[in-house]
Amino acid sequence: MATAKNKTICFKCNEDKITYPCEGCSQRFCLIDLTEHRQILTSELHHITNEYNEFKQTMNEQKENSQNDLLIEQINQWEIESIEKVQQKAQEYREIIIKSSQTCIKDIETKFNNLREQIKQMQKQNEFNEIDLNYLRNQLIETTQEFNNLSKISIKKESQSFINDISIIVSKKPKFNKWKQNAITVAGRNGEGQELNQLSHPAEIFVDKNKNIFIADSFNHRIVEWKYNANEGQIIAGGNGQGNRMNQLDRPPNMIVDQQNHSIIIADRYNRRVIQWLNQNQQILIDNTDCCGLAMDKNGFLYVSNPMKNEVRRWKMGEYNNEGIIVAGGNGQGNQLNQLNNPGLIFVDENQSVYVADWRNHRVMKWRKDAKEGTVMAGENGQGENLNQLAYPEAVTVDRLGQIYVADCANHRIMRWCEGKEEGEIIVGGNGQGNQSNQLNGPCGLSFDDEGNLYVADYLNNRIQKFEVDFCTWAANWAVLVAGSTGWYNYRHQADVCHAYQILHKNGIPDSNIIVMMYDDLAKNIENPTKGVIINHPDGDDVYGSNTKKFYACITCDPNDNVFIYFTDHGAVACESGSMLEDLLPNNINIYATTASNAQESSYACCYDDKRQTYLGDVYSLVWMEDSDAEDIVFIILYFEYDSIVTRRLAAAEDNSLEKQKLERELLPLLYQSVTERIQEKCFDLQNEFVLHKLYIMANLCEIGLFDFTIHQAIDQVCNERLHFDY
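This structure is a prediction, so every number in the text was calculated from the model and none was measured.

Rules of the game
Residues numbered from 1 in each chain as written. Predicted model: local features only at pLDDT ≥ 70, side-chain atom pairs only at ≥ 80, totals over all residues. Heavy atoms only, no water. Phe/Tyr/Trp six-rings, centres within 6.5 Å; stacked < 30°, edge-to-face > 60°. Helix = DSSP H or I, 4+ residues; strand = E, 2+ residues; numbered from the N terminus. Buried < 20%, exposed > 50% of the residue type's maximum accessible area, 1.4 Å probe, protein only. Lys NZ or Arg CZ within 6 Å of the ring centre and 35° of its normal. Core = buried A, V, L, I, M, F, W, Y, C linked by side-chain atoms within 4.5 Å. Contact = heavy atoms within 4.5 Å. Pairing = 2+ DSSP bridges. Axes fitted to C-alpha atoms, helices over the stretch in contact; angles between N-to-C directions. UniProt positions renumbered as here; feature names shortened; annotations may be inferred. Polar contact = N/O pair within 3.5 Å; in protein donor to acceptor, adjacent residues only side chain to side chain. Right-handed = clockwise from strand over helix to strand, strands pointing away. Expected span 1.5 Å × (residues − 1). Lys, Arg positive; Asp, Glu negative; His and termini not counted. Salt bridge = Lys/Arg side-chain N within 4 Å of Asp/Glu carboxyl O. pLDDT = per-residue confidence, 0-100.

**Q** Got a sec to walk through the packing of aromatic side chains? Specific residues and values, please.
**A** The final tally for this structure, using the stated rule, is 12 aromatic pairs. Ring geometry for Phe11 and Phe29: centres 5.8 Å apart, planes at 80°, overall edge-to-face. Pair noted here: Phe11 is in the loop between β1 (7-9) and β2 (16-22) and Phe29 is in strand β3 (residues 27-30), with a separation of 18 residues, a long-range link. A relative accessible area of 52% places Phe11 in the exposed class. Given the relative accessible area of 4%, Phe29 is considered buried. A centroid spacing of 5.0 Å and a plane angle of 65° characterise the contact between Tyr608 and Tyr615, whose relative ring orientation is edge-to-face. On the basis of relative accessibility, which here comes to 32%, the residue Tyr608 falls in the partly exposed class. Taking the relative accessible area as the measure of exposure, Tyr615 reaches 2% and is therefore buried. Among the aromatic side chains, those forming a connected cluster through ring pairs are Trp179, Tyr405 and Phe448. It is Arg251 that lies over the ring of Tyr270; its NZ or CZ is 3.8 Å from the centre. Lying over the aromatic face of Tyr489, Arg492 brings its terminal NZ or CZ to 6.0 Å of the ring centre.

**Q** Can you explain the nonpolar core? Please cite residues and give values.
**A** In terms of nonpolar packing, the biggest core is built from 28 residues, with Leu481, Tyr491, Ile514, Ile534 and Tyr566 touching the most fellow members. Among the elements of the structure, β30 (477-483), α4 (491-506), β31 (514-517), β32 (562-568) and α5 (619-630) are those that each provide at least two residues to this core. By residue number, the principal contributor to this core is α4, which donates 8 residues. Those residues within four positions of Leu481 in sequence are excluded, and the remaining contacts are Val497, Ala500, Tyr501, Leu504, Ile514, Ile515, Val516, Met517, Phe564 and Tyr566. Judged by nonpolar contacts, the second largest core, of 16 residues, contains Trp179, Ala407, Ile414 and Phe467.

**Q** Help me get a handle on the sheet that holds strand β17 (residues 311-315), residues and values and all.
**A** What the 4 strands build is an open sheet, ordered β15-β16-β17-β18; its pairing is antiparallel. Of all strands in the sheet, those with a lone pairing partner are β15 (294-296) and β18 (325-329), marking the two edges. Each neighbouring strand pair of the sheet contributes to a mean axis angle of 25°, computed without reference to strand direction. Pairing geometry for strand β16 (residues 302-306) and β17, over 5 bridges, is antiparallel. Within the sheet, the bridge partner assigned to Val304 lies in β17 and is Arg313.

**Q** For the UniProt feature "repeat: NHL" (unreviewed entry) in the protein chain, give the residues involved together with the corresponding values.
**A** As annotated in UniProt, the feature "repeat: NHL" (unreviewed entry) corresponds to residues 384-414 and 439-470 in the numbering used here. Across residues 384-414, the secondary structure splits into 0% helix and 42% strand, with the terminal C-alpha atoms separated by 14 Å. The annotated region residues 439-470 carries 0% helix and 50% strand content, and the separation between its end C-alpha atoms amounts to 17 Å.

**Q** Outline the side chain of Asp358, supporting the account with residue identities and numerical values.
**A** Inspection of the secondary structure puts Asp358 in strand β20 (residues 354-358). A distance of 2.7 Å separates polar atoms of two side chains, one belonging to Asp358 and the other to Arg363.

**Q** For the pairing of β30, give the residues involved together with the corresponding values.
**A** Looking down a regular strand, the side chains alternate between one sheet face and the other. Among the 7 residues of β30, 6 are classified as buried, and the element is accordingly described as predominantly covered. In this structure, β30 lies alongside β32, joined through 7 bridges in parallel fashion. Across the sheet, the residue bridging to Trp478 is Val563, located in β32. Here 4 bridges tie β30 to β31, and the two strands are oriented parallel to one another. Bridge pairing in β31 places Val480 opposite Ile515. Taking the sense of rotation as the criterion, the β-α-β connection linking β30, α4 and β31 turns out right-handed.

**Q** Tell me about α4, and please be specific about residues and values.
**A** The first and last C-alpha atoms of α4 sit 23 Å apart over 16 residues, in line with the 22 Å expected at 1.5 Å per residue. Counting buried residues in α4 gives 14 out of 16 residues, a clear majority hidden from the surface. At the exit of α4 stands Gly508, carrying a positive phi of roughly 95°.

**Q** Explain the side chain of Asp496 to me, and be specific about the residues and the numbers.
**A** Residue position: Asp496 is located in helix α4. In this structure, Asp496 is buried with no salt-bridge partner, the nearest side chain bearing the opposite charge being Arg492 at 6.3 Å. The residues touching Asp496, leaving out its near neighbours within four places in the chain, are Asn536, Tyr566, Thr568, Leu616, Gly617, Asp618, Ser621 and Met625.

**Q** Which residues make up unusual backbone geometry, and what values do they have?
**A** Look at Asn14: it is not a glycine, yet its phi comes out positive at around 65°. Relative to the helices and strands, Asn14 is located in the loop between β1 and β2. Residues other than glycine seldom take positive phi values, yet His201 does so here, at roughly 60°. Along the polypeptide, His201 turns up in the loop between β6 (184-187) and β7 (202-207). Exposure remark for His201: the relative accessible area of 14% places this residue in the buried category.

**Q** With reference to specific residues and values, describe the confidence of the model for the protein chain.
**A** Of the residues in the protein chain, 76% reach a pLDDT of 70 or more, and the chain-wide mean stands at 79. Taken together, the stretch residues 634-641 has pLDDT below 50 and engages in 19 contacts with residues farther than four places along the chain or on a different chain. Here residues 652-660 scores under 50 on pLDDT; set against residues more than four positions off or in separate chains, the count is 4 contacts.

**Q** Describe the environment of Ser628, with residues and values.
**A** Relative to the elements of secondary structure, Ser628 occurs in helix α5. On the accessibility criterion, Ser628 (0% relative accessible area) is buried. Sequence separation between Ser628 and Ile503 is 125 residues; the distance between their C-alpha atoms is 7.1 Å.

**Q** Got a sec to walk through the pairing of strand β21 (residues 363-367)? Specific residues and values, please.
**A** Of all 5 residues in β21, 5 are buried; the element is thus mostly enclosed. Bridge count for β20 against β21 is 5 bridges, and the pairing is antiparallel. From the neighbouring strand, Ala357 faces β21, where its bridge partner is Val364.

Laid out in structure tokens, this is it:
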């Protein structure tokens, strides 16, 4: 019989009972609780047994179907992602090779066409010798060799990663701009402030074709426009204090300027809205969004970066009542290729690829259209000041060559990165934080004008800096444009020259490199019904403008520079103006010349304008200039453009004798009028009957093909003073 001294406290019921130990948990239980404790342990054993049986079944299934193994699944996913990367890279390289091959083939075609025309010309004139034949043979051999070594492209394999990358090596390297290192302050020279001649933390800029500068004057809560060479700006949006009313802004970091529609789209960041100002009327396009960067592609889609959500979204113009489509980021904050970390300003190229200044990741990312992840284009080596590093990049833009320009804010410099390069280069700044002309202080925005000059929003210096292209460091393009005639009757020659100037100016040749030589007696001519305006085609745009009146005395070019010469006139003795350049230009210099006609034909006038009572242009000149208007000639050498385009266009016109006869019939009355007016002015009073009877001689001279310039010279030589008759 048990005694009280054998009793202890039961672990479960906490009563003083006869207890029995459990070796597993080292506790003592009464008989009832011990039985229950054993039942619990038995139940747990059954549960473990069931788990074991389930695991055994799973293991057997895995033996039968190894593709479901977790590691295999991870490898499969890696394979899919790797293929996508390879396909993306392959497409990039295909585009490079196709573009390079097309360029080389086009070069060869133009050379071939030029050779064909030379052969054709020799056959036509039947004047050639052994030297000419050797020249043609060498040209053919050279062109054939170039075709056999098409584009000289090779592929270099890179083995630094498991997935071998490749890089394209092209033998012809483009010439990159360099800029003068001491800038000119073009806006905000008067310290920080809110006056019209001051700025306060300018965040972003845009420079239009007239060199007017639009500035997101962030801490003044306004957008201002500084006209070219102006001493102060004018407010075009905001400027009504910091606030959230429709006519107010709150520290805008970015804007899009649509000059054609007089519209500005503004990232009104701290009011969490994208707002449009149209002729001083405001409309909220996108509300409740933390917007920073704005961009618009060629199809009118609007792109907005959101630094809080670490994403970039796209909206179709006019359809903002939706959430838009994510085109970059959107996978949370991070530094993976499918993530962003506080994205800043953005740029969208013609292929709808989005470039993002990935601020806190100290890198620039490129997201191709519909891509699931981006590609690192600059940075990605941590924050730093080495050439392979960035520090809080604020803005990014891309030029036509695909070169990436970055406002490297905390390093106080502007960097240029070429795609595929591991390092960038400092193009301006990089001389420490400061306010000297060669220093920057937290640059936030950048823009280029049509001449390639670089403008920087120098954020903490409260100014806009202009870094001019340094033409001494690279092969420059020069032009000499000459209109040798004068008078309203010769309207077409000066109109041709003005048009040529506009083409060159539009394509980035600076005014300082263009010499314009003309009498400039048309714009304000008494016979001009549209004073100050010259056109080169019926209902055409004004080709005159203020810039065409500039004259520069000389060209100071280097041996590698390119010089384009265009001369239009009647020629020294007739309209065969091409004769003045024959046999003057050797083939080993970079001078390309064209005239209003070749040495064997007249420079046929065309486009007669009833309103102005004169011809607006010459046939050949209008052909090459209208082709140049239609084409992007930035990467096309003019010499090749003429050979491949103009020659074909003019071939039909040269064979059309009826058109020539029509032009001559139209020209003859004006020619006769010009000659008789010259006689009236220099020689005789045409009211004299005797003189009138002798004018048939002048008519005959006009009929046989002599032109007014020749006849005018003869009249001037004979008639020293005007004779008067008494009646």
